[in-house]
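Coordinates in review
As a plain string of letters, each chain reads:
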Amino acid sequence: MRFTLFGIKRAFAAALITLVIVGCGPASPATEEIQPVSASSEANGSTAENRSQRPAGESIRIGALVPLSAPGSVVGGEAMRDAMIIAAAEINANGGLLGRPVELIVVDSEGLPERGASVTERLISQEGVVAIAGGYHSSVGVVAKEVAHDYGIPIVFANTWNDTITSVQYPQVFRIAPISSEVSAIDVKFMQWLRDEAGARLEKVVLLTENTDYGIPAAEDTARLLSEAGIESVTFGVDIGTQDFAGIIERVRAEEPDLIMSLATGEASYNFAQQSADAGLGPQDVPTMCDHVALESDAFWTNVPDGNYCFVRRIGLPPQLYNDAAHSFLAEYEARTGKEGAESYAFAAYDAVRVIAQAIDEAGTTDAQAIIAALEEITYEGALGTITFPINSRNSPEEAGVDPKWWHQFPDPAVTVVQYQQEGEDSVGATVVYPPTYRTGDPVIVGQ
């Protein structure tokens, strides 16, 4: 069994940015406080000319909510943190906000609801942030939205999918991540396409899901839609952070599935995929949809060396459709992290900070209500495309004739399915197999 937590390949100092990582309670080795990081000669934008343009005065603090230790998705949290550091550094290199520097305050949610609520409250009540970006796990997002609502502070979620996060229609809550039920619909359409167009045998699907506010509703929606499509499904639930899947894998084997879908996030998804491979039920034996943390290519191939032929859902435009903002971010992200390519949640985290910054700039103040009003009217050209929130206080879900889940929701996040078809390849270069509009190659259907 392999279980590895990955740090950043190399440390770096962010240009013209102060970064503080804070926690609450006793620090563990994975969550020790990190001292502020100042500009360094290694960081882009640290030339004498740009240093002379550094904004002065009291900083504007923006919170960054990410998982940086287990049982949360550490690789996902680190990617999001790095992306948000880049966003803040760019803002400061261009004069800051309202003539003041931006200070990014990063907190570790650990992927746990109680921890997420605690650090979100600390960001607001102790650290004095004017807005919060980030969020990886839906269970954290569900509670963090309540804290933001209670304090009246805007929060832009980057990777929390649970429908209720927006359907409660809180004025403070915005989301650029997709909606879980909408993603489930795309997943099932992909499976139908595999059966009806690609020639795969697909009579029974096994869903492996974590027992969280992400996994439970996602599995329920997927199972319901599969049933409507005439495909049988069986769901097995596990706790977040599960490392040993031996018992579950034997139960999966007994079901004789035609496809296995993992809805377990973070390192748990790596463990399940590789342990399934060791047992002869892995991606090279049974068509498998791996969780999207598999887009973290280095960590994926290290933990899942037998992960070739995994299908992986990717949020955001495919590389061939990247805009200028995406290319610019990607170049900086690769230079700072040493990676080849950027994960979808990194793109989203970057945009979450930048969209908040644009709202502050357009509002001309750090007043929460003014920022919220600016976010409702915003048109932001970002790495994910043109981000707007068209369902809002002036165009309610009822008036627009849509479900409440579309409240303050970016309506157009692209969703594609890629497949690793060469061992060790980077996810950016992986074959796009669905939808047909973006397809770059045919799927490899194993075991049939």
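All of these numbers come straight from a predicted model, not from anything done at the bench.

**A short note on the state of the cysteines**
Across all of its chains, the model carries 1 disulfide by this definition. Across a sulfur-sulfur distance of 1.8 Å, Cys 290 and Cys 310 are joined as a disulfide pair. Placement of the pair is Cys 290 in strand β11 (residues 288-290) and Cys 310 in the loop between α10 (297-303) and β12 (311-315), with a sequence separation of 20 residues. For Cys 290, a relative accessible area of 10% gives the class buried.

**Let's talk about the environment of Ser 396**
By the secondary structure assignment, Ser 396 is in the loop between β14 (385-387) and α14 (397-400). A C-alpha to C-alpha distance of 9.2 Å links Ser 396 and Trp 406, two positions 10 residues apart in sequence.

**Comments concerning the pattern of salt bridges**
Summed over the entire model, instances satisfying the criterion amount to 21 salt bridges. Of the charged contacts in the structure, one is a salt bridge between Arg 354 and Glu 90, with a shortest N-O distance of 2.7 Å. Here Glu 90 lies in helix α2 (residues 74-93) and Arg 354 lies in helix α12 (residues 344-363), a separation of 264 residues in the sequence. Exposure remark for Arg 354: the relative accessible area of 23% places this residue in the partly exposed category. On the basis of relative accessibility, which here comes to 17%, the residue Glu 90 falls in the buried class. In this structure, Glu 182 and Lys 405 form a salt bridge, with 2.8 Å as the shortest nitrogen-oxygen distance. Of this pair, Glu 182 sits in helix α6 (residues 180-196) while Lys 405 sits in the loop between α14 and β15 (415-419), placing them 223 residues apart in sequence. Its relative accessible area of 11% is what places Lys 405 among the buried residues. Look at the salt bridges and you will find they share partners, linking Arg 61, Glu 103, Arg 122 and Glu 127 into a network.

**Focus: the side chain of Glu 267**
As for its placement among the helices and strands, Glu 267 is situated in helix α9 (residues 267-278). The charged side chain of Glu 267 is buried without a salt bridge, its nearest counter-charge being Lys 339 at 10 Å. Looking at Glu 267, its side chain comes within polar contact range of the main-chain nitrogen of Val 74, at 3.3 Å.

**Concerning the confidence of the model for the protein chain**
Averaged over the protein chain, the pLDDT score is 89; the fraction of residues at 70 or greater is 88%. Predicted confidence for residues 23-52 stays below pLDDT 50, and this span has 47 contacts to residues more than four positions away or in other chains.

**Describing the pairing of β12**
With 5 of 5 residues buried, β12 is to be regarded as a mostly interior element. Alternating positions in β12 separate into two faces, Phe 311, Arg 313 and Ile 315 on one and Val 312 and Arg 314 on the other, with burial throughout. Pairing analysis gives 2 bridges linking β11 to β12, with the strands arranged parallel. Each bridged residue has a counterpart across the sheet, and for Met 289 the counterpart in β12 is Phe 311.

**A word on the side chain of Asp 351**
Mapped onto the elements, Asp 351 comes out in helix α12. Although Asp 351 lies buried, it forms no salt bridge, and the closest oppositely charged side chain, Arg 354, sits 7.2 Å away as judged by the N-O distance. Reaching out from Asp 351, the side chain makes a polar contact with the backbone nitrogen of Ala 383 at a distance of 2.9 Å. Discounting chain neighbours no more than four positions away, the residues touching Asp 351 are Ile 176, Tyr 380, Gly 382, Ala 383, Leu 384 and Ile 387.

**Some words on the nonpolar core**
With 73 residues, the main nonpolar core has Met 84, Leu 104, Ile 176, Phe 329, Leu 375 and Phe 389 as its most contacted residues. Taken together, domain 1 (60-179 + 322-406) and domain 2 (181-320 + 415-438) each give at least three residues to this core, which thus spans both. Contacts of Phe 389, omitting those with residues within four sequence positions, involve Phe 174, Arg 175, Ile 176, Val 355, Leu 375, Glu 376, Ile 378, His 408, Gln 409 and Phe 410. Leu 226, Leu 263, Phe 311 and Val 417 belong to the second largest nonpolar core, which has 30 residues in total.

**Examining the sheet that holds β12**
Overall, mixed pairing links the 7 strands, which are arranged β9-β8-β10-β11-β12-β15-β16 in an open sheet. Strands with a single pairing partner mark the edges of an open sheet, and in this sheet they are β9 (232-238) and β16 (431-434). This sheet shows a mean twist of 30° between the axes of neighbouring strands, independent of strand direction. Each of β8 (204-210), β9 and β10 (259-263) is contacted by helix α7 (residues 215-228), which is oriented at about 165° to β8, the strand it contacts most.

Thresholds, definitions, all that
Residues numbered from 1 in each chain as written. Predicted model: local features only at pLDDT ≥ 70, side-chain atom pairs only at ≥ 80, totals over all residues. Heavy atoms only, no water. Disulfide = S-S within 2.5 Å. Helix = DSSP H or I, 4+ residues; strand = E, 2+ residues; numbered from the N terminus. Buried < 20%, exposed > 50% of the residue type's maximum accessible area, 1.4 Å probe, protein only. Salt bridge = Lys/Arg side-chain N within 4 Å of Asp/Glu carboxyl O. Lys, Arg positive; Asp, Glu negative; His and termini not counted. Polar contact = N/O pair within 3.5 Å; in protein donor to acceptor, adjacent residues only side chain to side chain. pLDDT = per-residue confidence, 0-100. Contact = heavy atoms within 4.5 Å. Pairing = 2+ DSSP bridges. Core = buried A, V, L, I, M, F, W, Y, C linked by side-chain atoms within 4.5 Å. Domains from an automatic or database assignment. Axes fitted to C-alpha atoms, helices over the stretch in contact; angles between N-to-C directions.

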